Amino acid sequence: MYLYHFGIKELPFTLTPNTSYYFALPSHKEALNVLMTALKTGEGFIKVTGEVGTGKTLICRKLLNELPDNFVTAYIPNPYLSPAELRRAVAGELGVQLTDGADQQEFTQRIQQQVIALHQQQKAVVLIIDEAQALPVESIEALRLMTNLETESRKLLQVVLFGQPELDDKLGLPELRQLKQRITFSYTLKLMDSHQVHQYVQHRMRVAGYRGQDLFSPAVCKVLFAASRGTPRVVNVLCHKCLMLAFGEGKSGVDRKHVAMAIKDTEAAHSVASSHWQRLLIAGLVLLSAGALYLAYARYGA
Ligand SMILES: Nc1ncnc2c1ncn2[C@@H]1O[C@H](COP(=O)(O)OP(=O)(O)O)[C@@H](O)[C@H]1O
Ligand SMILES: [Mg+2]
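Criteria and thresholds
Residues numbered from 1 in each chain as written. Chains lettered and ligands numbered in written order. Predicted model: local features only at pLDDT ≥ 70, side-chain atom pairs only at ≥ 80, totals over all residues. Heavy atoms only, no water. Helix = DSSP H or I, 4+ residues; strand = E, 2+ residues; numbered from the N terminus. Buried < 20%, exposed > 50% of the residue type's maximum accessible area, 1.4 Å probe, protein only. Contact = heavy atoms within 4.5 Å. Areas by Shrake-Rupley, 256 points an atom, 1.4 Å probe, with all protein chains shown as cover. Lys, Arg positive; Asp, Glu negative; His and termini not counted. Charge placed at Lys NZ, Arg CZ, Asp CG, Glu CD. Phe/Tyr/Trp six-rings, centres within 6.5 Å; stacked < 30°, edge-to-face > 60°. Near = heavy atom within 4 Å. Polar contact = N/O pair within 3.5 Å; in protein donor to acceptor, adjacent residues only side chain to side chain. Nonpolar A, V, L, I, M, F, W, Y, C, P; charged D, E, K, R; others polar. Pairing = 2+ DSSP bridges. Axes fitted to C-alpha atoms, helices over the stretch in contact; angles between N-to-C directions. Salt bridge = Lys/Arg side-chain N within 4 Å of Asp/Glu carboxyl O.

An unreviewed UniProt entry annotates the protein as AAA family ATPase originating from Fluctibacter halophilus.

Spelled out as structure tokens, the structure:
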């Protein structure tokens, strides 16, 4: 591939949420701050939402890495689980054995013992759920029951929900209003602006070992921004394709033609060319009508 051509040690734009590539975008930093603060104050439910590809799983992994040692974490990456499956998954993560066919009551007892034992060792338990929009409604209710355990000052089991905006629709259902009221901290991830796309791309190139001149110019990054609307995953897809195209032509930098081809080849990218032509057309129409008004005024207005 193009590693040798550009003098880099690994592919800079893979789609895996690898924390060594983390770039502290303001919105991501803020999300982590909100999470840390909320978890340290012992709040019950915390929610982080964001569109597909905005960095939720990456933030999830950063959080798992950065939580201090006094937090015990249970991580559920794929929560399309029935209440019984969810209870089993949580028990497994916390090292608790359940009998076959354990119900909510047995689960609550066993988990309670474990969480209290951990609490006595000054440890707090955090359940982190990614893709939470996939949780069935009954499982969300089972989650609420899990967090009923509390001391006078704090919850013994805290839950962080990461999800796509559909999670909010689900939480808006009347049968989930009790849980909705328990969400005391929430944060919505923002998309990057054009300047941040440029910094983001440079950052990933540097982490991959690139030391040369800017491969993606600010002008190229503007087009990347327009086509991706600032979504990191789409930027990654486009940049990878741009590098392949530049390499294919033996070029040392990425130009607008490469970006245009990458956009054309990417379903998730928005066509920039058409919106550019639309803008030109609108500008032309505005100029024409201004000219017509001026002529009409010159002729009849005086
Ligand atoms: N702040 C960031 N720094 C570096 N890479 C990021 C950042 N945010 C997102 N990405 C990258 O964008 C891609 C999509 O992120 P991901 O966490 O999988 O999104 P989501 O879970 O919201 O769909 C991944 O390759 C991830 O590494
Ligand atoms: Mg994800």
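**Student:** How do you make sense of the overall build of the protein when you look at a structure like this?
**Tutor:** The helix and strand inventory of the protein stands at 13 helices and five strands. Projected onto its principal axes, the C-alpha positions of the protein cover 85 × 60 × 30 Å. Across the 302 residues in the protein, those meeting the buried criterion constitute 44%. Taking the contacts inside the protein whose residues are at least 6 apart along the sequence as the reference set, 74% of them involve residues at least 24 apart. Total accessible area on the protein is roughly 16,000 Å²; 56% of this is exposed by carbon and sulfur atoms. Across the protein, the 32 positively charged side chains and the 27 negatively charged ones have centroids separated by 8 Å.

**Student:** Just to check I follow, could you spell out the packing of aromatic side chains for this structure?
**Tutor:** Aromatic ring pairs are defined here through the distance separating the ring centres and the angle between the ring planes. With the rule as written, the count across this model stands at two aromatic pairs. Geometrically, the ring pair formed by Y2 and F6 is edge-to-face, given 5.8 Å between the ring centres and 65 degrees between the ring planes. With respect to burial, Y2 and F6 carry one shared label: buried.

**Student:** What exactly am I supposed to notice about the site of ligand 1 here?
**Tutor:** Around ligand 1 sit 22 residues, and of these F23, H28, G53, K56 and R204 come closest. At 3.1 Å, a backbone N or O of G55 approaches an oxygen atom of ligand 1. The side chain of K56 places a nitrogen or oxygen atom 2.8 Å from an oxygen atom of ligand 1. Here ligand 1, which alone exposes 560 Å², has 98% of that area covered by the protein. For the shell around ligand 1, the residue count by class is ten nonpolar, eight polar and four charged.

**Student:** Can you help me understand the sheet that holds strand 5 (residues 183-188) in this one?
**Tutor:** Two strands in a sheet stick together by hydrogen bonds in their backbones, pointing the same way (parallel) or opposite ways (antiparallel). In space, the five strands of this open sheet follow the order 2-3-4-1-5, with parallel pairing throughout. Whereas interior strands pair on both sides, the edge strands pair on one side only; in this sheet they are strand 2 (71-76) and strand 5. Along the sheet, successive strands turn relative to each other by an average axial angle of 15 degrees, direction set aside. Across five bridges, the pairing between strand 3 (residues 124-129) and strand 4 (residues 157-163) is parallel. For V126, the partnering residue across the bridge sits in strand 4 and is Q158. The strands touched by helix 2 (residues 26-40) are strand 1 (45-49), strand 2, strand 3, strand 4 and strand 5; relative to strand 5, the strand with the most contacts, the crossing angle is about 170 degrees. Along the sheet, helix 3 (residues 56-66) makes contact with strand 1, strand 2, strand 3 and strand 4, crossing strand 4 at roughly 155 degrees.

**Student:** Help me understand the pattern of salt bridges, please; the structure alone is not making it clear to me.
**Tutor:** Oppositely charged side chains can form a pair if their charged atoms are brought close together. If you walk through the whole model with that rule in mind, you get six salt bridges. One salt bridge in this structure joins K241 and D265, with 3.1 Å as the shortest N-O distance. Taken together, the positions of K241 in helix 11 (residues 232-248) and D265 in the loop between helix 12 (256-264) and helix 13 (272-301) put the pair 24 residues apart, joining distant regions of the chain. Taking relative accessible area as the criterion, K241 reaches 17% and is therefore assigned buried. A salt bridge links E249 to K251, with the shortest nitrogen-to-oxygen separation between them at 3.1 Å. For K251, a relative accessible area of 34% corresponds to the partly exposed category.

**Student:** Looking at this model, I keep getting lost on unusual backbone geometry. Mind explaining?
**Tutor:** Both trends apply: most residues other than glycine have a negative phi, and most peptide bonds are in trans. Positive phi, normally seen in glycine, also occurs at Q122, with a value near 65 degrees. Assessed through its relative accessible area of 61%, Q122 is described here as exposed. At E131, a position not held by glycine, the phi torsion is positive, near 55 degrees. Examined against the element boundaries, E131 turns out to sit in the loop between strand 3 and helix 6 (137-146).

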